[in-house]
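Commentary on secondary and tertiary structure
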Amino acid sequence: MRVLFITRHYLEQKNGGSLGARAYLDAFSSLYEDLTLLYPSRKNQSIAGFVNSRIKLIPCDDKRPLLVKGLDIYRGKLHRFASTLKQVLLENLFDIIVFDHSILGAELLPIIEKYSCNAKLITIHCNVETIYNKDNPVSILYRIPYTYFIGKAEQVCLNKSFLNLTVTKEDALYFNRKFNIKNIEYLGTFEYSCCEHYPIEEAHKSSDVLNLIISGSLGFPQTNSAIVSFLDKYYQIIKSVTPNVKLVITGRNPSAKIIKLCSHDKSISLRANPVNIYDIIKGGDIYISPISGGSGVKLRIMDGLKFGLPILCHEASAKGYEDIISKQCMFTYNDEETFKNAYQQLLASMPSRKDVFDVFIHRFSFKSGTQRLREILLKYNLL
């Protein structure tokens, strides 16, 4: 079968969306020998080292002036791919077309129906767009049309895709309940094919200080507000239970609010824009994800799991990690009382790094994710 995979993510980046897209692309390319990738390109940036060498690459530049991009949102044009896709479909026939993100749908589906009517569409729903956008609103200048059109695109993909895939079980249930979608499967997320693993060694502590880690894009609204809330409401609980503690917050471009809060507490170390964030994370004892909004999977949690760190996280961050919770490698909370209970339970059980890593690999390795995708595709006669 000939497959066209369309992504809106910049695959050379290291944010959650891009890393997730690479994993899905790698899985599809391992199952289908003839795969073409249509992707957003940028000047002086190459993705050659980030994708399977046998994939046919079709870069798509965005030469629209900034003003035109803004006006296009009011017309429902949320991306750059329409004209390029039309040309690709005029020159090629595909059996399967994959949307990596439902935002592609409203504008591209009419083109596919006109020029590639026999292709079966698969949409990967990275989250529930309406929920994600509510917690991470775009600029007020175009918020109203953007919110309308992403909701429309999502519903179009749900109704017209031959197969819908979600990254969390909750998202699949939500779509089924709200839109009565039956051809929907919970795939989950996983690592990309060449994801590096580090030797797992039990920590040999030279002191009794407990090291906690929080990581992420620190200037991103969802992350920023969650960390600020955590420092205001929850960190004092940690210090009351374990006074000898150190918290490291690391990631890109921290907000002024985070910088200010960290500067007022000597037990908090802010490591902004690290050269190698993994060198910092592997020095922790517990990984914390305070993200309390949005939809989809919080992929940053994998950074803790791959180093064998047990997880303390808000319930909203736990979606997609049910297997980790069931093995008592992740503990969740939703308010101050449940936070203290979860923290104490984690300290009481404190799984070994090897145990945490083994649970992580069983669910989130590339091999495991690809096998789940294979089974779903076979179920729908797509392999």
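Above this text sits the structure in question.
Here goes a summary of the coordinates provided. (Residues numbered from 1 in each chain as written. Predicted model: local features only at pLDDT ≥ 70, side-chain atom pairs only at ≥ 80, totals over all residues. Heavy atoms only, no water.)

1. A short note on the pairing of strand β10 (residues 268–272)
- Pairing of strand β9 (residues 245–252) with β10, which is carried by 5 bridges, proceeds in the parallel orientation. Across the sheet, Ile249 pairs through a bridge with Leu270, a residue of β10. (Pairing = 2+ DSSP bridges. Helix = DSSP H or I, 4+ residues; strand = E, 2+ residues; numbered from the N terminus.)

2. Comments concerning the nonpolar core
- Counting residues in each nonpolar core, the largest one holds 61 residues, and the members touching the most others are Phe5, Phe28, Leu37, Ile122, Leu165, Tyr321 and Leu377.
- Of all the elements, helix α1 (residues 16–31) adds the most residues to this core, at 8 residues.
- Grouped together as the second largest cluster of nonpolar side chains are 28 residues, Leu210, Ile227, Leu312 and Phe331 included. (Core = buried A, V, L, I, M, F, W, Y, C linked by side-chain atoms within 4.5 Å. Buried < 20%, exposed > 50% of the residue type's maximum accessible area, 1.4 Å probe, protein only.)

3. Things to note about the packing of aromatic side chains
- All chains considered together, the criterion is met by 20 aromatic pairs.
- Between Tyr24 and Phe190 the ring centres are 5.5 Å apart and the planes differ by 90 degrees, which places this aromatic pair in the edge-to-face class. Within this pair, whereas Tyr24 is found in helix α1, its partner Phe190 is found in the loop between β7 (184–186) and β8 (210–217), the two being separated by 166 residues in sequence.
- Under the relative-accessibility criterion, Tyr24 is labelled buried at 3%.
- Look at Phe190 and you get buried, because its relative accessible area is 2%.
- Each member of the aromatic cluster is reached from another via a ring pair, and the members are Phe230, Tyr234, Tyr235, Tyr333, Phe339 and Tyr343.
- If you follow Lys120 out to its NZ or CZ, it ends over the ring of Phe162, 5.3 Å from the centre. (Phe/Tyr/Trp six-rings, centres within 6.5 Å; stacked < 30°, edge-to-face > 60°. Lys NZ or Arg CZ within 6 Å of the ring centre and 35° of its normal.)

Everything listed here is a matter of coordinates, which is why it stays silent on function.
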